[in-house]
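# Observations on chain architecture
The primary structure of each chain is shown beneath.
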Amino acid sequence: MGGALDDARAPRPRDGRVILMRPSPAFIALRYATLALFFLFLLAPLGVLVAVSFNPTAMIFPPQGFTLKWYAVILDKPDFLHAAWASTKLAALTAVLGTACGVFAALGLKNYGGPLKGAISGLLMSPLFIPAVIVALALFQIIFTLGIQANVWVLLAAHIVVTLPYPVRNVMAQLDGFDQRLEEAALTVGATPRQALLRVTLPLLRASIVPSLVIVFILSWNNYTVSVFLADKNWTTLPLQLRAYLQYEYEPFVAAMSTVLIVASTVLLFVMDRLVGLGPKRK
Amino acid sequence: MIGRSKTLLLVPSVSILAAFFVVPLIWVVGLSFMSSDGTGKLVTDFTLGNYTRFLTDAYYLDALLWRTVRLAAIATLFSVVIGYFGALAIVRSAPSWQPWLILLVMLPLWVNLVVRTLSLMVVLGRTGPVNQFLVWTGIADRPIPLLFNETAVLIGMVQVAVPFVVMSIYGVLQSIPRQLEHAAMTVGATPLSAFRRVTLPLSMPGILAGSVLAFGINVESFVVPILLGGGRVRFMSVAAYETATVSNNLPFAATIGVILLVVTMAMLALYQWAVRSMTRARPVLATAG
């Protein structure tokens, strides 16, 4: 009986003025129930989908048997493997180029001040506030009107545009709490500005660059809205392929494919948390 | 010298945004004032025809715009209520649990939206667990259609928005000292009224931020109405997509996009106004939040 939910009982070392008040057992039970219901709502559907992927017959829960055959089927679907590879390449390119743009921009903005800084950072953050569907629609219209074929460069640029605010914001936030003297110290002991940037500033910014890379990768990898407007046949990404498949077929293969994606996302999330700590600070 | 290189650092991001964001947006606004002849060719004369057509046709106004805004608003309301309970339950759990619980909240955000929507299709389907439960308990005597209607789309939108709401509210709740509520209880408030009079008002900034985030995500929903609405629940973003790619009526697609943009901007403005008037009305909140 760990009593994980009744922190009011646990003395908090940080301030001695906590008034210890013992919550009634009914109250504690209510908290556990809320927590359980909340996570049931949030995560149970994914659990159901994972369970269905082991069902030999149809997309039905609970499964009427156990099979791994749908996982083997994945390897027989060149369309899906091609789409997964396309998604991975696109997301990796978006992550590297987008984060690089974001880091440069944040460094560039560091010495600006006043309304100019406000205007430029406002521009850099604005894709967050404009629905992505409108950005994609706009780009689609331009290439259609100009008679350009949909191609991977426009797709890549669009992915960078809608994800750019994340690296900019992460790196700018870290630069705000950054000890300017470190770079100045490097300069006074004879480093060139370039050396100071490469040897001092960038390594120190790793704590915001790594999460930016991962977040942009995930956002691009999962993106549907932008890709559906701008992807050509060679760059059908995995979300598009999944949706196209669902239009005609509905069998546990698609649950198996989804399970692979769920597991991959989960692993990435926990690895990322180990690396940089995504959640609140551990006490 | 350093000043110039600092400016050069801004060139990649600003130029990519200019070319692939600012110019296309201006283009789309301009295009919405043009028209298209029957064959899909562009007529570049200035016209308000697209807007008149949209705003006078009951189909576009009610079945499209109003439905999108209405469902997004209802979904936002549910997301905020569910997300608030979730955030509150997490913030009141043991400190050593909290990082793990927050990680679980973030998990769905990392999973592909098509996959998440598909999971709801299985759950809500004719033979899905929800229908099995309804039949088993006798609430319904045979499976009821839960998919491909507005309710399914609503459930999908709530599912998508809840993690964002929790993240917005959790941060604010965490910053509220527990002693405030305890103090209220020592002077005789019941736990419920202490929550209602102390914690709830102090967490307003998180609720507002979560609401605007949830509404922004819901109003541009694309995958959810396609998959869970099954083509029967038309949404602004889907209509813009179909008008552009299937009907090839680019000016009208642009008009739908611009109207969606205006709605989003109006909500953001409303949010800004709400935050400003709240901090003005209750100066205590501004310092406590």
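Definitions and cut-offs
- Residues numbered from 1 in each chain as written.
- Chains lettered and ligands numbered in written order.
- Predicted model: local features only at pLDDT ≥ 70, side-chain atom pairs only at ≥ 80, totals over all residues.
- Helix = DSSP H or I, 4+ residues; strand = E, 2+ residues; numbered from the N terminus.
- Contact = placed C-beta atoms within 7 Å.
- Rg over C-alpha atoms; globule rule 2.2 N^0.38 Å.
- Buried ≥ 20, exposed ≤ 12 C-beta atoms within 10 Å, placed from the backbone.
- Core = buried A, V, L, I, M, F, W, Y, C linked by C-beta atoms within 7 Å.
- Nonpolar A, V, L, I, M, F, W, Y, C, P; charged D, E, K, R; others polar.
- Domains from an automatic or database assignment.
- pLDDT = per-residue confidence, 0-100.
- Expected span 1.5 Å × (residues − 1).
- Bend = angle between axes of the 7 residues up to and from the residue.

Secondary structure summary: chain B contains 14 helices and two strands in total. Counting only C-alpha atoms and orienting by the principal axes, one finds that chain B spans roughly 75 × 75 × 35 Å. Considering only intrachain contacts with a sequence separation of at least 6, the fraction spanning at least 24 residues in chain B is 70%.

This part is about the overall build of chain A. The number of helices and strands found in chain A is 13 helices and zero strands. Counting helices and strands in the order they occur from the N terminus, chain A gives α-α-α-α-α-α-α-α-α-α-α-α-α. The globule rule puts the C-alpha radius of gyration for 283 residues at 19 Å, and the 24 Å found for chain A is more than 25% above it. Projected onto its principal axes, the C-alpha coordinates of chain A cover approximately 70 × 70 × 30 Å. For chain A, the residues scored as buried account for 38% of the 283 residues in total.

Counting residues in hydrophobic clusters, the biggest one holds 156 residues, and the most contacted among them are A:Val135, A:Ala136, A:Leu137, A:Leu139, A:Ala158, A:Leu230 and B:Ala240. In this structure, A:Ala158 is in contact with A:Val135, A:Ala136, A:Leu139, A:Val226, A:Leu230 and B:Phe20, ignoring residues within four places of it in sequence.

Before going further, it helps to spend a moment on the interface of chain A and chain B. Of the residues lining the interface, 82 residues belong to chain A; the matching set on chain B comes to 74 residues. For the side of chain A that touches chain B, the element with the most residues is helix H1 (residues 25–52) of chain A, which contributes 14 residues. The residue makeup of the side of chain A that touches chain B, split by class, is 63 nonpolar, twelve polar and seven charged.

Turning our eyes to something else, we now look at the domain arrangement of chain A. All names here are of chain A. On domain assignment, one finds that chain A holds domain 1 (46–76 + 253–283) and domain 2 (87–248). Residue-level contacts link six residues of domain 1 with seven residues of domain 2. Its residues assigned to classes, the side of domain 1 that touches domain 2 comprises six nonpolar, no polar and no charged.

What follows deals with the confidence of the model for chain B. Residues and elements named next belong to chain B. Looking at chain B as a whole, the pLDDT averages 89, with 94% of positions reaching at least 70. Element-level mean pLDDT values for chain B span from 44 in helix H14 (residues 283–288) up to 95 in helix H3 (residues 58–91). Contacts from residues 283–289, a stretch scored under 50 in pLDDT, to residues over four places away or in other chains number nine contacts. Both scores are given for the predicted complex: the pTM is 0.88, the ipTM 0.88.

The periodicity of an α-helix, 3.6 residues per turn, causes residues three or four positions apart to be oriented the same way. The end-to-end C-alpha separation of H3(B) is 46 Å, in line with the 50 Å expected for 34 residues at 1.5 Å each. When the local axis directions of H3(B) are compared, the greatest deviation, roughly 35°, occurs at B:Arg67.

Turning our eyes to something else, we now look at the environment of B:Val105. Tracing the chain through its elements places B:Val105 in helix H4 (residues 98–110). Through-space distance from the C-alpha of B:Val105 to that of B:Ala87 is 9.5 Å; in sequence the pair is 18 residues apart.

Residue and element names in this part refer to chain A. Per-residue pLDDT for chain A averages 86, and the proportion of residues at 70 or more is 90%. Note on residues 1–13: pLDDT under 50 across the span, and 24 contacts to partners over four residues away in sequence or across chains. Under a pLDDT of 50 for its full length, residues 15–19 has, in the predicted model, eight contacts with residues more than four places off or in other chains.

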